[in-house]
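Spelled out from the first residue to the last, the chains are:
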Amino acid sequence: MAQLQSPGSDSDGTYQVHNQSILVPANLIFEKKEHSWFASSQIPTDLSIQVQDITFHVHKFPLVSRCGYLSEVNLQPTKSNPGYDLKFEKFPGGLETFETVVKFCYGLPISLNPNNVAALRCASELLEMTEALEGGNLISKTDAFLTFVVLSSWRDSITVLKTCESLSPWAENLQIVRRCCDSIAWKVSQVNPTTRDMTSTEDSWWFQDTSTLRIDHFVRIITASRAKGLKPEIVGSCIMYYAGKWLPGMDAEMERLRRYSYSKTEMQLEILSGRTQEAQVAHNKEQRMIVENLVSILPPQKETVSCKFLLGMLKVALFYSASSALVSELEKRIGMVLENAEVNDLLVPSCTIGDQGKALSSPDECTMHNINVVQRILEYFLMHEQQQQQKSGKLISKILDRYLAEVARDPNLQVTKFQVLAETLPENARTCHDGIYRAIDTYLKSHPSLSEYERRRLCKIMDCEKLSLDACMHAAQNDRLPLRTVMQVLLSEQVKMREAMQGKEQTASRNHSDQEESWSSKKEITILKEELEKVKAELQELRRDYAELHNEYEKLTNKQRNFSGWTFGWKKIRNSSFFNKTDGDETQGEQQRSKSSHQRVSLR
């Protein structure tokens, strides 16, 4: 009878299985030729079996005596299959496994190891090599090896699980995958640190091994580990490690796949990939499946994964057209931790990849960044903040204003979308409006063709009374702003200067804690006093010009504007010394024309 040697017999983890109940034919020689495999001996072969493109010429008795399947089928050649008696279309493990099974049936010793035991177990099940036919048959041998050798070893369990990836559905039906996953999960669940860093090498040694597995096997291990009590923090760290390997450099991958080039009127998207269309479609489906599975096993605790990771997953999910339910789940989770977001991570591309591997774009979405996604994330954040009775609006307002300044450069961004996104936060969320002013100014620069009405509507977002003094001085010189807004800024600037003269700088600093610089030094106050006198004179002149301009407008008898009158009035305003001041935010190529006595602070 065949015997399974003790585990310590071979140093390389390979164990020999012998079958002494079958008499080996005399002078038995195995020969391989072009498309044939021969078991040559003094007795001629009487059975031919084709596996893939190789025909095995063997003796019927050794195989039929060990394989119940072969004893039940008709092994007579037919006219349609003249070259063989039996054909296996998809034999578990392929040619190498069938050759090993043939040698076992002939009574020759075979080697069992973690790389071939799963395939041999599946093949023996297909051929029905049970104990009812012969004691110590291959099913019992492989089962014993799996139970007593493989499942007791971490490394062997990982190896067997990887070999099962090509053995579906046999490995699943025979519970090989489940047994290996449970064994690995039990060992993983023992890693449950209390005071040590969960990402230390001592606790995360198993991340690399599990990250080599296919996504469905990885999900089963993580699910079983959580059921056995593995801490959510470790689960989250392992998921991020796996994503880092199978979704390599998510942001870098996005940049590699798409390259933006846009002008004032259009945006072009170029997909860069060296794959064929079939390979690209398969790659897209694999990436989408990985994202969907990883999101499905994320622990519910919001501290388990970083906001940067969630935003990266969202970009990949949108890019590869994941399900809307999964995208919504990611948006909700990001909304719970939005205060930890970085502006660059919020720049979600608006491009997607369809099932055919081609770039798609929504007919009503031609902007470079997906504004709607950020809008929904903000709404989820406000909803979560209201439920938890938290107050993180001040921090979120800074993030949103920086985001608006970034997307404002897109020439295809509609003013309505910009305005709606900017007004998503409640009014009391912003204590200082310097950030929103910077975003509005950037939008006006990138959209010079806006009408006067659109510019006024856009500037209504900004509260001039909540601008810092340096922002007021910058806005007062900004000819991109509508005249009404400039007047409001001038009045606000005058009030702030008066407060500065009266020594109320500290109070103003407390009310506007977001100001980037302090105006409390005595030297600055002295300069402001001089500036105030000049601003008063210029303001009076500007008011007179504005009154004249208003009177001219009232005299118009038709609905069309008299551009010559407006131009004349505007020239008078522009020729005033106030508007001759240099805008500190202009490019370096503009000529400096301000008087040396006027101090200008650039808003950056």
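Residues numbered from 1 in each chain as written. Predicted model: local features only at pLDDT ≥ 70, side-chain atom pairs only at ≥ 80, totals over all residues. Heavy atoms only, no water.

**Observations concerning the overall build of the chain**
Right, on to step 1. What the chain contains, in helices and strands, is 26 helices and 11 strands.
Right, on to step 2. Across the 604 residues of the chain, 48% fall into the buried class.
Right, on to step 3. When contacts within the chain are restricted to residue pairs at least 6 apart in sequence, long-range pairs at least 24 apart make up 69% of them.
Right, on to step 4. Surface accessibility of the chain: about 30600 Å² in total, with carbon and sulfur atoms responsible for 49%. (Helix = DSSP H or I, 4+ residues; strand = E, 2+ residues; numbered from the N terminus. Buried < 20%, exposed > 50% of the residue type's maximum accessible area, 1.4 Å probe, protein only. Contact = heavy atoms within 4.5 Å. Areas by Shrake-Rupley, 256 points an atom, 1.4 Å probe, with all protein chains shown as cover.)

**Some details on the pattern of salt bridges**
Right, on to step 1. A full pass over the atoms with the stated rule returns 17 salt bridges.
Right, on to step 2. When the shortest N-O distance is used, the salt bridge between Arg179 and Asp143 registers 4.0 Å. Taken together, the residues span a long stretch of sequence, with Arg179 in helix H8 (residues 176-189) and Asp143 in helix H5 (residues 138-150) at a distance of 36 residues.
Right, on to step 3. Here Asp401 and Arg430 are joined by a salt bridge, their closest N and O atoms 3.0 Å apart. Taken together, the residues span a long stretch of sequence, with Asp401 in helix H18 (residues 393-407) and Arg430 in the loop between helix H19 (415-422) and helix H20 (434-446) at a distance of 29 residues. For the residue pair Asp401 and Arg430, the accessibility class agrees, reading buried in each case. (Salt bridge = Lys/Arg side-chain N within 4 Å of Asp/Glu carboxyl O.)

**Topic: helix H14 (residues 307-319)**
Right, on to step 1. Between the first and last C-alpha of H14 there are 18 Å, a value that for 13 residues agrees with the 18 Å anticipated at 1.5 Å per step.
Right, on to step 2. Burial runs high along H14: 12 of the 13 residues are buried.
Right, on to step 3. The complete set of buried residues in H14 reads Cys307, Phe309, Leu310, Leu311, Gly312, Met313, Leu314, Lys315, Val316, Ala317, Leu318 and Phe319.
Right, on to step 4. Once H14 finishes, Ser321 follows within two positions and takes phi at roughly 55°, a positive value. (Expected span 1.5 Å × (residues − 1).)

**Here's the deal with the confidence of the model for the chain**
Right, on to step 1. When pLDDT is averaged along the chain, the result is 78, and 71% of the positions lie at 70 or above.
Right, on to step 2. Here residues 557-574 scores under 50 on pLDDT; set against residues more than four positions off or in separate chains, the count is 18 contacts.
Right, on to step 3. Note that residues 576-604 has pLDDT below 50 and, in this model, 63 contacts with residues that lie over four places away or in other chains. (pLDDT = per-residue confidence, 0-100.)

**A few points about the sheet that holds strand S4 (residues 47-51)**
Right, on to step 1. In space, the 5 strands of this open sheet follow the order S2-S3-S5-S4-S6, with mixed pairing throughout. The strands lining the two open edges of the sheet, one partner per strand, are strand S2 (29-32) and strand S6 (86-88). Put simply, the sheet's adjacent strands are angled 20° from each other on average, direction ignored.
Right, on to step 2. Both S4 and strand S5 (residues 54-58) contribute to a ladder of 5 bridges, which runs antiparallel. Across the sheet, Gln50 pairs through a bridge with Thr55, a residue of S5.
Right, on to step 3. Strands in contact with helix H3 (residues 94-105) are S2, strand S3 (36-40), S4, S5 and S6; relative to S5, the strand with the most contacts, it is inclined by about 5°. (Pairing = 2+ DSSP bridges. Axes fitted to C-alpha atoms, helices over the stretch in contact; angles between N-to-C directions.)

**Observations concerning the packing of helix H4 (residues 117-126) against H5**
Right, on to step 1. With their axes 9 Å apart at the nearest point, H4 and H5 run at an angle of 150° to one another. In terms of orientation, H4 and H5 fall into the roughly antiparallel class. Once H4 is placed against H5, the crossing between them reads as left-handed. Together, Val117, Leu120, Arg121, Ser124 and Glu125 of H4 and Leu138, Ile139, Thr142, Asp143, Phe145, Leu146 and Val150 of H5 make up the contact between the two elements.
Right, on to step 2. Of the residues assigned to the contact of H4 with H5, the class counts are 7 nonpolar, 2 polar and 3 charged. (Parallel < 35°, antiparallel > 145°, perpendicular 65-115°, else oblique. Left-handed = near helix turned anticlockwise from the far one by under 90°. Nonpolar A, V, L, I, M, F, W, Y, C, P; charged D, E, K, R; others polar.)

**Some remarks on the nonpolar core**
Right, on to step 1. Core analysis: the largest hydrophobic core is formed by 145 residues, its most contacted members being Phe88, Leu294 and Tyr403.
Right, on to step 2. The biggest single contributor to this core is H14, with 10 residues.
Right, on to step 3. Ignoring sequence-local partners within four residues, the contact set of Leu294 consists of Ile215, Phe218, Ile239, Tyr242, Ala243 and Met313.
Right, on to step 4. In this structure, Met473, Met497, Leu532 and Val535 belong to the second largest nonpolar core, which totals 5 residues. (Core = buried A, V, L, I, M, F, W, Y, C linked by side-chain atoms within 4.5 Å.)

**Focus on the side chain of Ser157**
Right, on to step 1. By the element assignment, Ser157 lies in helix H6 (residues 154-163).
Right, on to step 2. Once residues lying within four places of it in the same chain are set aside, the contact partners of Ser157 are Val150, Leu151, Cys180, Ser183 and Ile184.

**Quick look at the packing of H19 against H20**
Right, on to step 1. Relative to each other, H19 and H20 sit at 175°, their axes nearing to 12 Å. It follows from the interaxial angle that H19 and H20 lie roughly antiparallel. For the pair H19 and H20, the contacting residues are Val415, Phe418 and Ala422 in the first and Ile436, Ala439, Ile440 and Tyr443 in the second.
Right, on to step 2. Classifying every residue of the contact of H19 with H20 by side-chain character gives 7 nonpolar, no polar and no charged.

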